Amino acid sequence: MNLLRAATLTTSHLAATVQRYVDWLDYTPVEQGVVSPDLAASWGAPASAGRAFQVLRPASGADAYLRFVEGPFVPDYTPLRHFGWAAVEICNQDTLAVNARMERSPFDIIGPPKRIPGVDAIFPMQIMGGDGEIVYLTQIQSDPPAPGLPQAQSLIDRIFILVLACSDMQATARWFGETLRLDRGQDWTIEYSMIANAFGLPLSQHHTITVMTHGGDTFLELDQYPAAATPRPAAPGALPPGCAICTLFHPEWDAIARTADWIAPPQRRSGPVYQGGRVGTLRDPDGALIEIVEVV
């Protein structure tokens, strides 16, 4: 049971951003509206109240969503240079075919298809959208899929991992274990072109990453960022730019709630992302937002 329910991204041009994902990633809008004051308060982002949003679902129909919320342009934001949610990772059936499509698209290819030495189960590429959002498009190559990874049911399918940029990866991994009862998976030390290019480092330099799992499923990647990384800038009281919120649904909601340091008291919420469960939001050690949804 992959706990990853949604990724929330901010955009200064909602209609155009949604259309890009519809036209080029085969996503379908399933909900639209404006952010209520109580929902914005639960994120610690009161300035996001009244902002328009849309929720999109992948062509496979999987219960994993992209939610886009309107927000102001933040000139000091540089993708892949700040702590917080750095990227969404979406599984696909054929990375080379997806790359050919992206070459015709308005997305920028910032990482062409490339196999990672020692990580044979995946074949990724990376793109950047018009709002500076980073999307990894990854083919799961093993058949059956490697443990903890999904098998795509459409050419471009569901989000299956969110990537978190950390100032102290070890401390953040402990926080997820203690606060959300997640397990820590294997660590890797790899050449990581996304980080190297963002910080002007040698491509041969190695970077440490780890993953967080639950019930054997992998859905969070934690990256140790260089010392030059900085906290993510944001407009006062608004959601941060780029990927702003990770939404997880959790079968141990009551146990988590007893000790959770919620930004605001949890409430029951409706819609495709929440489906009637109680919902509360936490901040990780670097301030990244994690929304926890009760399984009902």
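Given the structure is predicted, the values throughout are model-derived calculations rather than measurements. (Residues numbered from 1 in each chain as written. Predicted model: local features only at pLDDT ≥ 70, side-chain atom pairs only at ≥ 80, totals over all residues. Heavy atoms only, no water.)

## Brief notes about the packing of aromatic side chains
- Under the definition given, this model contains 5 aromatic pairs.
- Centre to centre, the rings of Tyr21 and Phe68 are 4.8 Å apart; their planes meet at 50°, and the pair counts as tilted. Placement of the pair is Tyr21 in helix α1 (residues 14-25) and Phe68 in strand β4 (residues 65-70), with a sequence separation of 47 residues.
- On the accessibility criterion, Phe68 (1% relative accessible area) is buried.
- Centroid distance Trp175 to Phe176: 5.0 Å. Interplanar angle 85°. Geometry classified as edge-to-face.
- A relative accessible area of 16% places Trp175 in the buried class. (Phe/Tyr/Trp six-rings, centres within 6.5 Å; stacked < 30°, edge-to-face > 60°. Helix = DSSP H or I, 4+ residues; strand = E, 2+ residues; numbered from the N terminus. Buried < 20%, exposed > 50% of the residue type's maximum accessible area, 1.4 Å probe, protein only.)

## What about the sheet that holds strand β3 (residues 52-57)?
- Spatially, the 8 strands line up as an open sheet ordered β2-β3-β4-β1-β14-β17-β16-β15, and their pairing is mixed. Only two strands of the sheet have a single neighbouring strand rather than two, namely β2 (28-34) and β15 (267-268).
- Sheet analysis places β3 next to β4, joined by 4 bridges and oriented antiparallel. Paired with Leu56 across the two strands is Leu66, which belongs to β4. (Pairing = 2+ DSSP bridges.)

## Examining the pattern of salt bridges
- Across all of its chains, the model carries 11 salt bridges by this definition.
- Across the pair Glu291 and Arg67 runs a salt bridge whose closest N-O atoms are separated by 3.0 Å. Here Glu291 is found in strand β17 (residues 289-294), whereas its partner Arg67 is found in strand β4, with 224 residues between them in sequence.
- Residue classification places Arg67 among the buried residues on the basis of a relative accessible area of 4%.
- Note that Arg278 is salt-bridged to Asp254, the shortest N-O span being 2.7 Å. (Salt bridge = Lys/Arg side-chain N within 4 Å of Asp/Glu carboxyl O.)

## Points about the environment of Ala87
- Mapped onto the elements of the fold, Ala87 is located in strand β5 (residues 84-92).
- With sequence-adjacent residues up to four places away left out, Ala87 is seen in contact with Ile134, Tyr136, Leu162 and Val163. (Contact = heavy atoms within 4.5 Å.)

## Here's the deal with the environment of Ile190
- You can see Ile190 is positioned in strand β11 (residues 188-191).
- Residues Ile190 and Ala100, 90 residues apart in the sequence, show an inter-C-alpha distance of 26 Å.
- Discounting chain neighbours no more than four positions away, the residues touching Ile190 are Gln205, His206, His207 and Ile209.

## What to know about the pairing of β5
- A large share of β5 lies buried, amounting to 9 of its 9 residues.
- Pairing of β5 with strand β9 (residues 156-166), which is carried by 7 bridges, proceeds in the antiparallel orientation. Along β9, the bridge assignment pairs Trp85 with Leu164.
- Pairing analysis gives 5 bridges linking β5 to strand β8 (residues 134-140), with the strands arranged parallel. Opposite Cys91, over in β8, you have Thr138 as the bridge partner.

## Description of helix α3 (residues 95-102)
- Every buried residue of α3 is accounted for by Thr95, Val98, Asn99, Arg101 and Met102. Along α3, the residues classed as buried sweep out an arc of 160° about the axis, all on the same side.
- Contacts from the buried residues of α3 go to α1, β5, β6 (108-111), β7 (122-128), β8 and β9.
- Measuring from the side-chain oxygen of the N-cap residue of α3 to the backbone nitrogen of Leu96 gives 3.1 Å; that N-cap residue is Asp94. (Arc of directions from axis to C-beta. Polar contact = N/O pair within 3.5 Å; in protein donor to acceptor, adjacent residues only side chain to side chain.)

Shape is all these values report; function is a separate question.
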